[in-house]
Every structure is written in structure tokens, then in C-alpha cells.
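The primary structure of each chain is shown beneath.
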Amino acid sequence: MFERKLVGQLRDRMKEERRFIQVISGPRQTGKTTALQQTLESLSVPYHFVSADDPIVVSVQWIRNEWETARVLQKQKSKEVILAFDEIHKVPDWSSAVKAMWDEDTRKKIPIKVIILGSSSLLIQKGLSESLAGRFEILYCSHWNYSECKTAFKYKLDDFLFFGGYPGAAALKNDVERWVRYIGTSIVDPVISRDILQTEEIRKPALLRSLFNLGAAYSAQELSYTKILGQLHDAGNTVTLANYLELLDKANILCGLLKYSANRIRIRQSSPRLMVYDTSLLIWAAGATRKQFLEMPEFRGHLVESAVGAYLLARGREEGFSVYWWREKEKEVDFVIENGAACLTAIEVKSGIIKHTGGGMEFKKIYPQAYCLTVGTPACGLEDFLLGKIPLFSE
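Residues numbered from 1 in each chain as written. Predicted model: local features only at pLDDT ≥ 70, side-chain atom pairs only at ≥ 80, totals over all residues. Heavy atoms only, no water.

Caption draft 1: Here's a closer look at the sheet that holds strand β4 (residues 112–117). With respect to topology, five strands assemble into an open sheet ordered β2-β3-β4-β1-β5, the strand pairing being parallel. The sheet terminates laterally at β2 (47–51) and β5 (136–140), the two strands that pair on one side only. Shown here is a sheet whose adjacent strand axes are inclined to one another by a mean of 20 degrees, direction ignored. Examined bridge by bridge, strand β1 (residues 21–25) and β4 share three bridges and lie parallel to one another. Across the sheet, Ile24 pairs through a bridge with Leu117, a residue of β4. This element, helix α4 (residues 94–108), spans β1 and β4 of the sheet and lies at about 165 degrees to β4. (Pairing = 2+ DSSP bridges. Helix = DSSP H or I, 4+ residues; strand = E, 2+ residues; numbered from the N terminus. Axes fitted to C-alpha atoms, helices over the stretch in contact; angles between N-to-C directions. Contact = heavy atoms within 4.5 Å.)

Put into C-alpha cells, the structure is as follows:
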């Protein structure tokens, strides 16, 4: 079975001294549970793995009972034990119970290491912020990248651009209609209906869905909130749209990249450049055929830029850098990534779309410390870039 980098990262964390609860967070259907199981099975450490994906699990007492089971196992083995909770967000007030048990183990020096994960990244994030501050580390489980899909599923570049990085959908690549239904019923609907609508008070759920459909179809394009308001029925106001877009971002399906500026206030006031977290979401929302997206320059251009953007978003989550875009009059840079004041890179993408050139040079005049990349050239090919062979920051 294919083993992702996450497995090695989690395995290394489990070999360290007990310091933090390890939290695996990320989009739905990207293999978080599989990575956890592979990690546990590869270690010569006793473990207790449980899942809250059961309708009879209704209270925090279940967490306490399972924790006590792990304590009994630890006494029997007289060595450290790993306790792993899957789908823990389904237990009401789970974070308070985890905090109490973890702190008790810390006081009594009971060597139980804890891993938690769940399919809803929004509910996991909410629990972490409420009770577990200072007690956890996050390992981000991103959509599968091109290198992983090429190795595991024998994808060619065009396969990856069109089908994206959801591993469960890979088996359906020869039946596009089934693949489209899978993306809708297994990815989009659960994220919006369960992760967002059951987590947040959404006054206009139809607007949230419409915003996602519009935003995903317009991935890699700038849309001001005014233009979005003009295209959506009963859209309310820009504050509502901005809030809904932030929720879609936290749910790892769609975000609005902000325009880069050294002035932080100008960044917050800018219009968003919409970007999906995986190209399959663009394909699903746009409803275009494989032939259209891969052979027509405009469609392919948006698809290529979305693939580059999704790749940068995933690495940004894992490595801690921010992703923006930039434009000054007619000069534009597709992506700007920043990792601290000294690390700044402007990335242009040659994707088949006819647009104004020279954005990178203009950006460097304003920000002379910036490193510049042009994806789609002999020196920086799209395939090499998506395979991770091109450094993102100057060395």
C-alpha cells in the first residue's frame, strides 16, 4: 500500500518524548485515517485505536472510558502506549474531556501519547481553539499532490490536472460521469451540509452553496465582492460573502487569495482571486468536458493556474507560508508567496491564457528582495514544478 509523507512525519512524532497531542487535520477524503492506521501498524508500540463514528457515542463519558482502557493497557505492558481517536469531533464537548484526561496523565506522568483526527476540519479546529491551547501540534493532511498520484495511480500530468488529488476518486477516472457524482456526493455535499452548516449559524445556506459553485467555476480569476453580489440571488452584503468565503477556506475547498502589499491594511481590503484547493472542484463546478478543459487554451489556462495555486496552498499549510496574488495597473503576478519578511517569491504561470506580461519584473522593481519564478518555461516546467522539483524560495 502506498505510504504518504504524513505517515513518516507521524511516526517520527510518536518516537519523540511525550509533549503534545498530535492532531491530523485536512480536507475530507484525503486518507487521514489510512495514514494513522499505517503509522500505528508500523510501530512496535502498543496502541488503542477507537472511532466515534457510531450513533451510540453521545457523550464525553465514552472518551473517558476509552482513555481508561488505554491506561489499563499501559499498566499491563509497563511501557508507553498510543491512544488514537478517529472522528472525535462527533462527540459533543470532546475537547474539554480530552483536556482533562491529558492534563491528568501529565500530572501523574502516565506515558500515553494521543492522536486525534476527524473528517470535519472545521469541528476539529473549533475544539482545539476552545480548550486545548498549548497542548497540541497539527499535522496537515493535504490533497494528494501530483507526485503521489503519479506513483500511486499512474496519473499522467493531464490526468492530474483534470481529476485532481482525491484518492477515492482515482478508481473512477475511466467513468467521468461516476467520478463527477462522487465528487458531488462524497466531497462537496458533506463539506457544506455537515462540516459548515452543522458547525456555524448560516442564515442563507442556499447562498453558501451558490457562492461555492460560482467561486469554484471561476477559480484562478479575480472577482470583486460587488461582481459576486451581482451574480448571486439574495446575496446579502459583502460582509456576508466574505464570512462565507472564509468558512469555505477553513473547510479546505475554496479560498479567496488576497492581493499582496507590504501594507497589511491594503491586503485586507483587496478583492479576492478565487482558488479551489483541488482542481477536481473546478471541473465539478464548471461542468465542462475533459476535452474542453485540456484542449481549449482558456479553459486549460484556468485549470493549470488552479493546479499551481492548489499546490502552493497545500505547501503553505504544511510549511507555514502565505499565498497571495498581485497586480498594479496592467502588470500582474499570478501568485506571491511570503515566508517571513526576508522570503518573498513572485510566481508567474505560462498557461495558454493571453495576458499582460512583465508582471514579475515590475514586482521586483517594487520589492527588489523578491525571487521570481515563471512556471511553464524550459527552466521551470509545469510538471517539474508540480512534482516538487523546483525550490519555491531562493536559497
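There is more to say after this.
Caption draft 2: Local environment of the sheet that holds strand β10 (residues 344–349). Taking strand neighbours across the sheet as the criterion, the four strands line up as β8-β9-β10-β11 in an open arrangement whose pairing is mixed. One side of each edge strand has no neighbouring strand; the edge strands of this open sheet are β8 (322–328) and β11 (371–375). Neighbour to neighbour, the strand axes of the sheet diverge by 30 degrees on average, direction disregarded. Both β10 and β11 contribute to a ladder of five bridges, which runs parallel. When the bridges of β11 are listed, Ile347 appears paired with Leu373. The strands that helix α16 (residues 359–366) touches are β8, β9 (331–338), β10 and β11; relative to β9, the one it contacts most, it runs at about 60 degrees.

Caption draft 3: Quick look at the packing of aromatic side chains. Counted by the stated rule, this structure contains 18 aromatic pairs. Taking the centre distance of 5.4 Å and the plane angle of 65 degrees together, the rings of Tyr260 and Tyr324 count as edge-to-face. Here the residue Tyr260 occupies a position in the loop between β6 (254–257) and α12 (264–269), and Tyr324 occupies one in strand β8, the gap between them amounting to 64 residues. Between Phe321 and Phe393 the ring centres are 5.6 Å apart and the planes differ by 80 degrees, which places this aromatic pair in the edge-to-face class. Of this pair, Phe321 sits in the loop between α15 (297–319) and β8 while Phe393 sits in the segment after α17 (382–386), and the two are 72 residues apart along the sequence. Look at Phe321 and you get buried, because its relative accessible area is 5%. For Phe393, a relative accessible area of 18% puts it in the buried group. One aromatic cluster in this structure is built from Phe2, Trp144, Phe153, Tyr155, Phe162, Phe163 and Trp179. The ring centre of Trp102 lies 3.5 Å from the NZ or CZ of Arg18, which sits over that ring. (Phe/Tyr/Trp six-rings, centres within 6.5 Å; stacked < 30°, edge-to-face > 60°. Buried < 20%, exposed > 50% of the residue type's maximum accessible area, 1.4 Å probe, protein only. Lys NZ or Arg CZ within 6 Å of the ring centre and 35° of its normal.)

Caption draft 4: View of the state of the cysteines. The tally for this structure, following the rule as stated, stands at zero disulfides. Of all cysteine sulfurs, the one in Cys149 lies closest to Cys141, which takes part in no disulfide; the gap is 12 Å. Judged by relative accessible area, Cys141 falls into the buried class, the value being 1%. (Disulfide = S-S within 2.5 Å.)

Caption draft 5: Highlighting unusual backbone geometry. Phi at Ser78 is positive, roughly 55 degrees, even though this residue is not glycine. Assignment of secondary structure puts Ser78 in the loop between α3 (60–77) and β3 (81–86). Overall, Ser78 belongs to the exposed group, its relative accessible area being 63%. A positive phi angle is found at Asp93, which is not glycine, with a value near 55 degrees. Tracing the backbone shows Asp93 in the loop between β3 and α4. With relative accessibility at 48%, the residue Asp93 sits in the partly exposed group.

Caption draft 6: Main features of the pattern of salt bridges. Counted according to the given criterion, the structure contains 27 salt bridges. A salt bridge links Arg71 to Asp105, with the nearest nitrogen and oxygen atoms 2.7 Å apart. Linking Arg71 in helix α3 with Asp105 in helix α4, this pair joins segments that are 34 residues apart in sequence. This pair shows no difference in class: Arg71 is buried, exactly as Asp105 is. Two residues, Arg300 and Asp158, come together in a salt bridge whose shortest N-O distance is 3.0 Å. One end of the pair, Arg300, is in helix α15; the other, Asp158, is in helix α7 (residues 157–163), and 142 residues separate them in sequence. (Salt bridge = Lys/Arg side-chain N within 4 Å of Asp/Glu carboxyl O.)

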